[in-house]
Amino acid sequence: MKRIGILTSGGDAPGMNAAIRAVTRRAIDNGLEVFGINYGYAGLVAGDIFPLTSDDVSDRIQRGGTFLYSARYPEFANVEGQLKGIEQLKKFGIDALVVIGGDGSYHGALRLTEHGYNAIGLPGTIDNDIPFTDFTIGFDTAVSTAVDAIDKLHDTASSHGRTFIVEVMGRGAGDVALWAGVAGGAQKIIVPEHDFDIKEIAEEVKVGREHGNKNMIIVLAEGVMHAGDFKKELDKYGDFDSRATVLGHIQRGGSPTVQDRVLASKMGAYAVDLLLDGKGGLAVGIENNKLTSHDILDLFDSKHKPDLSLYDLNESLNR
Ligand code: ATP
């Protein structure tokens with residue numbers, strides 16, 4: 001193996017740049033050449049591919065987003081697109097590919113592997129919704145951003161005695177809501193993986209207000225429903241002076257936290273080590289603070305499970 005390629009795909013996540021840097025530096029350190037591919041699978045098929053040096057990745061670790069850009073390119077689900085991509089990789093003499101992205105990006109990597117081309121996936125998504133890893137690159141930063149916003153909402157909630165419904169990202173997964181809810185001192189956390197009853201929640205809010213709690217924060221995962229719709233439902237049971245706040249894309253941006261930078265650096269270096277060992281078709285993860293790798297195929301037979309003990313913890317801290 002002489003050359004490896006690297007791309008970022010799907011939604012951007014803070015720490016992707018740190019991962020690109022780690023892959024590039026570890027590979028160069030081991031005598032490999034590295035090629036960056038712009039705009040994910042779209043750039044791969046278009047041949048938007050260029051050599052990456054150690055200098056190219058300096059001054060990147062602290063920056064959010066991805067300097068290789070990202071793209072959604074559904075055409076890569078077609079065999080034609082996949083074969084075109086492999087043709088480009090061969091044209092540039094690239095022997096193996098590191099893909100940083102979420103679930104969809106892993107499907108692309110799996111397809112390449114099925115065509116006999118070596119690809120390795122790194123979990124880069126703020127949603128933390130990938131199986132076989134406790135944490136994904138970008139999750140910690142997104143949660144920190146959400147908590148920062150919740151802290152600010154506490155100030156205004158307590159000044160006016162308002163109830164805030166804060167919608168956080170996470171797609172179909174409740175991880176961002178669970179972590180941000182516990183860390184932000186939310187009274188309630190609503191996630192897709194746990195039942196809830198708006199009438200009961202309204203009753204709890206009412207009792208809380210009667211007991212002088214002027215500072216009600218409900219953290220709602222976007223995968224459940226929109227904050228505005230939740231507010232409408234809640235308001236049917238009383239006047240809680242409620243406000244719906246959607247944090248939105250600010251959760252994707254910003255300088256990655258220490259946790260994400262270190263995770264991305266570890267995973268990036270590990271991916272190159274695996275490739276140097278002749279291994280591929282793998283998804284890198286971190287489980288119980290240990291780097292792991294699993295067959296990408298196995299990933300799609302398993303389901304990510306959020307840490308629901310956080311839900312119970314939050315309930316017990318708000319009785
Ligand atoms: P995130 O969930 O953080 O947004 P993601 O990687 O899941 O990240 P997607 O938009 O689902 O984001 O997928 C990214 C890209 O992966 C797609 O635009 C497409 O190029 C490729 N991809 C998705 N699904 C497949 C598939 N079934 N086969 C091949 N390629 C795919």
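See the structure above.
What you see as residue numbers is a count from 1 along each chain, following the sequence as written. Local features in this predicted model are restricted to residues of pLDDT 70 or higher, and side-chain atom pairs are both shown and tallied only at a pLDDT of 80 or more, whereas totals for entire chains, interfaces and linings draw on every residue. As a convention, hydrogens and water are excluded, and side-chain values are obtained from all of the structure's heavy atoms.

### Some words on the overall build of the chain
Line of reasoning, step 1. Within the chain one finds 11 helices and 11 strands.
Line of reasoning, step 2. This radius of gyration counts C-alpha atoms alone. The globule rule is 2.2 Å times how many residues there are, raised to the power 0.38. Taking 2.2 N^0.38 as the reference for a compact globule, 319 residues should give roughly 20 Å; the C-alpha atoms of the chain span a radius of gyration of 21 Å, in line with that estimate.
Line of reasoning, step 3. Expressed along its principal axes, the backbone C-alpha trace of the chain runs to roughly 70 × 35 × 35 Å.
Line of reasoning, step 4. Relative accessibility decides the category of a residue: with a 1.4 Å probe and only protein chains considered, values under 20% of the type maximum give buried, values over 50% give exposed, and everything between is partly exposed. Scored against the burial criterion, the 319 residues of the chain give a buried share of 51%.
Line of reasoning, step 5. In the chain, once contacts between residues fewer than 6 apart in sequence are set aside, the share between residues at least 24 apart is 74%. We count a stretch as a helix when DSSP gives it H or I for four or more residues in a row; a strand needs E for two or more, and each element gets its number in order from the N terminus. What makes two residues a contact is simply this: any of their non-hydrogen atoms within 4.5 Å.

### Examining the packing of helix H1 (residues 16-29) against helix H9 (residues 258-276)
Line of reasoning, step 1. The interhelical angle for the contact between H1 and H9, taken along N-to-C directions, is 35°, at an axis separation of 7 Å. Relative to H9, the crossing made by H1 is right-handed. Across the interface between the two elements, Ala-18, Ala-19, Ala-22, Val-23, Arg-26 and Ala-27 of H1 pack against Arg-261, Ala-264, Ser-265, Gly-268, Ala-269, Val-272 and Asp-273 of H9.
Line of reasoning, step 2. Residue type decides the class: Asp, Glu, Lys and Arg count as charged, Ala, Val, Leu, Ile, Met, Phe, Trp, Tyr, Cys and Pro as nonpolar, and the leftover types, Gly among them, as polar. Grouping the constituent residues of the contact of H1 with H9 by class yields eight nonpolar, two polar and three charged. Angular values range over 0 to 180 degrees, each being the angle between N-to-C directions of two axes fitted as lines to C-alpha atoms, with helices fitted over their stretch in contact. Less than a right angle of anticlockwise turn of the near helix away from the far helix marks a crossing as left-handed, whereas a clockwise turn marks it as right-handed.

### Focus on the packing of aromatic side chains
Line of reasoning, step 1. Centres within 6.5 Å make a pair out of two Phe, Tyr or Trp rings, where for Trp the six-membered ring is used; the pair is then stacked when the planes are under 30 degrees apart, edge-to-face when over 60, and tilted otherwise. Per the stated rule, a full pass over the model turns up seven aromatic pairs.
Line of reasoning, step 2. Each ring, one from Tyr-41 and one from Phe-76, has its centre 4.1 Å from the other, and the planes form 10°; the classification is stacked. In this pair, Tyr-41 sits in helix H2 (residues 40-46) while Phe-76 sits in the loop between strand E3 (49-52) and helix H3 (79-91), placing the two residues 35 residues apart along the sequence.
Line of reasoning, step 3. Residue classification places Tyr-41 among the buried positions, given a relative accessible area of 5%.
Line of reasoning, step 4. Judged by centre distance (6.2 Å) and plane angle (25°), the rings of Phe-135 and Phe-139 are stacked.
Line of reasoning, step 5. By relative accessible area, which is 2% here, Phe-139 ends up buried.
Line of reasoning, step 6. Put simply, the rings of Phe-135, Phe-139 and Trp-179 pair up and form one aromatic cluster.

### Describing the pattern of salt bridges
Line of reasoning, step 1. A pair is scored as a salt bridge if a Lys or Arg side-chain nitrogen falls within 4 Å of a carboxyl oxygen belonging to Asp or Glu. Scanning the entire structure with this criterion turns up 12 salt bridges.
Line of reasoning, step 2. In this structure, Arg-111 and Glu-114 form a salt bridge, with 3.0 Å as the shortest nitrogen-oxygen distance. With Arg-111 and Glu-114 both in helix H4 (residues 103-114) and three residues apart, the pair spans about one turn of that helix.
Line of reasoning, step 3. Its relative accessible area of 28% is what places Arg-111 among the partly exposed residues.
Line of reasoning, step 4. With a shortest N-O distance of 2.8 Å, Lys-231 and Asp-235 are connected by a salt bridge. Separated by four residues within a single helix, Lys-231 and Asp-235 lie in helix H8 (residues 227-235), roughly one turn from each other.

### Structural notes on the site of the ligand
Line of reasoning, step 1. If a single non-hydrogen atom of a residue is within 4 Å of a molecule or strand, that residue counts as near it. In the region of the ligand, 19 residues are neighbours, and Arg-72, Tyr-73, Gly-104, Ser-105 and Arg-171 sit closest.
Line of reasoning, step 2. One nitrogen or oxygen atom from the main chain of Gly-11 is found 3.1 Å from an oxygen atom belonging to the ligand.
Line of reasoning, step 3. Backbone polar atom of Asp-103 to an oxygen atom of the ligand: 3.2 Å apart, as the coordinates give it.
Line of reasoning, step 4. The method behind every accessible area is Shrake-Rupley, applied with a 1.4 Å probe, and residues are considered shielded solely by the protein chains displayed. When the ligand sits alone it has 620 Å² of accessible area, and the protein chains cover 86% of it.
Line of reasoning, step 5. A per-element tally of the shell around the ligand places H4 first, with six residues. Whenever two N or O atoms come within 3.5 Å, that pair is a polar contact, provided that in protein one can donate a hydrogen and the other can accept it, and provided that, for residues adjacent in sequence, both atoms are side-chain atoms.

### Focus on the sheet that holds strand E2 (residues 33-37)
Line of reasoning, step 1. Pairing in this open sheet of seven strands is mixed, and the strands run E3-E2-E1-E4-E5-E10-E11 from one edge to the other. Strand pairing shows two members of the sheet lacking a second neighbour, E3 and strand E11 (290-295), which therefore form its edges. Geometrically, the sheet is characterised by an average inter-axis angle of 30° between neighbouring strands, direction not taken into account.
Line of reasoning, step 2. DSSP-based pairing: two strands are paired if at least 2 bridges between them are found. Sheet topology places strand E5 (residues 118-123) next to strand E10 (residues 282-287); two bridges connect them, and they run parallel. Considered in E10, the bridge of Ile-120 is made with Leu-282.
Line of reasoning, step 3. Strands in contact with H9 are strand E1 (3-8), strand E4 (96-101), E5, E10 and E11; relative to E10, the strand with the most contacts, it is inclined by about 140°.

### Some details on unusual backbone geometry
Line of reasoning, step 1. Non-glycine residue Tyr-69 carries a positive phi angle of around 60°.
Line of reasoning, step 2. Along the chain, Tyr-69 falls in the loop between E3 and H3.

### Concerning H9
Line of reasoning, step 1. With 19 residues, H9 ought to run about 27 Å at 1.5 Å a step, and its terminal C-alpha atoms sit 27 Å apart, in line with that.
Line of reasoning, step 2. All of the buried residues along H9 are Asp-260, Leu-263, Ala-264, Met-267, Gly-268, Ala-269, Tyr-270, Ala-271, Val-272, Leu-274 and Leu-275.
Line of reasoning, step 3. Count one or two residues on from H9 and you reach Gly-278, which has phi positive near 80°. Expected helix span is given by 1.5 Å per residue-to-residue step, counting one fewer step than there are residues.

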